[in-house]
Amino acid sequence: MSIRPALPRYAVEISGLNKVYAGSNKRAPKHALKDFSLAIPRGSFFGLLGPNGGGKTTLFRILSTLLEPAEGRALIFGSDVAKSPIEARRRIGVVFQNQSLDRRLSVEENLDCQGRLYGLGGADLKER
C-alpha cells in the first residue's frame, strides 16, 4: 500500500517576487514586480486585474516558467517554478489569449516545439 503525499494547501504560492528589466541609455531600470506576494487556495477561482504595465504579464511568464524571477519564490501546487520548471509545467495548463501556433512551422514542428517546452524528447515525444 503506497501513501500519497498530502496535496499542498495552495495552488499558487508566491513570496517576495521581484523582477527588474534593465533600462536603456535613456531609461531607468523598470521594476515589473517588487516584493510581490500572493497565495491562491487550491480549488478556488481567481482573477488578476491591473493597469497596463502593472506586472501581470511578467507574473504570468514567471508562473509558466518562461521567465525566471530575480528574487523570491513561486510555487505551483508545491513545485518551485525556478528550481523544478518541468514539474511546475506538468501541474498547469495554459491557454494563450492569442493564437500560439507558428504559421511558418508545420503541424508536426509546432507539436514538437510544444512537447519540448514540457520537457519531452526522443521516443516519448514521438509517441505523444
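Our subject is the structure listed above.
So, a few notes on the structure that sits alongside this text. Everything numeric here is computed off the predicted structure, so don't read it as measured data.

## Here we look at the sheet that holds strand 3 (residues 71-76)
Piece 1. Spatial ordering of the open sheet is given by 2-1-3-4, a layout of four strands whose pairing is antiparallel. Of all the strands in the sheet, the pair left with one neighbour each is strand 2 (30-41) and strand 4 (79-80).
Piece 2. With respect to the sheet, helix 1 (residues 56-63) is in contact with strand 1 (10-21), strand 2 and strand 3, its orientation differing from that of strand 1 by roughly 120 degrees.

## As for the environment of isoleucine 40
Piece 1. For isoleucine 40, the position within the fold is in strand 2.
Piece 2. Judged by relative accessible area, isoleucine 40 falls into the buried class, the value being 11%.
Piece 3. In this structure, the C-alpha to C-alpha distance between isoleucine 40 and alanine 11, residues 29 residues apart in sequence, is 5.8 Å.
Piece 4. Ignoring sequence-local partners within four residues, the contact set of isoleucine 40 consists of Tyr10, Ala11, Val12 and Phe46.

## What to know about a nonpolar patch on the surface
Piece 1. Among the surface-exposed residues, Leu66, Leu117 and Tyr118 lie close enough to one another that they form a single nonpolar patch of about 270 Å² accessible area.
Piece 2. As for its position among the elements, leucine 117 is in helix 3 (residues 107-117).

## Points about the pairing of strand 3
Walk down a regular strand and you will see the side chains alternate between the two sheet faces.
Piece 1. When strand 1 meets strand 3, the two strands line up antiparallel, connected through five bridges. Bridge assignment links isoleucine 14 to a residue of strand 3, and that residue is alanine 74.
Piece 2. Pairing geometry for strand 3 and strand 4, over two bridges, is antiparallel. Within the sheet, the bridge partner assigned to isoleucine 76 lies in strand 4 and is serine 79.

Reading the values: rules and limits
- Every chain's residues receive numbers from 1 upward, in the order its sequence appears when written.
- Thresholds applied to this predicted model are a pLDDT of at least 70 for local features of residues and 80 or more for the giving and counting of side-chain atom pairs; totals over whole chains, interfaces and linings are not thresholded and use all residues.
- The side-chain figures draw on all heavy atoms in the structure; neither hydrogens nor water molecules are used.
- Two strands pair if DSSP finds at least two bridges between them.
- A run of H or I in DSSP becomes a helix once it reaches four residues, and a run of E becomes a strand once it reaches two; helices and strands are each numbered from the N terminus.
- We call two residues in contact whenever any of their non-hydrogen atoms come within 4.5 Å of each other.
- Angles here are taken between N-to-C directions and fall from 0 to 180 degrees, while the axes themselves are lines fitted to C-alpha atoms, restricted in helices to the stretch in contact.
- Partly exposed describes any residue whose relative accessible area lies between the buried limit of under 20% and the exposed limit of over 50%, with all areas from a 1.4 Å probe on protein chains only and scaled to the type maximum.
- Like charges within 9 Å and nonpolar side chains (Val, Leu, Ile, Met, Phe, Trp, Tyr) within 5 Å are joined into patches, using only residues over 30% in relative accessible area that form no salt bridge.
- For the accessible areas, the method is Shrake-Rupley and the probe is 1.4 Å, while residue cover comes only from the protein chains on display.
- What makes a salt bridge here is a side-chain nitrogen of Lys or Arg within 4 Å of a carboxyl oxygen of Asp or Glu, nothing more.

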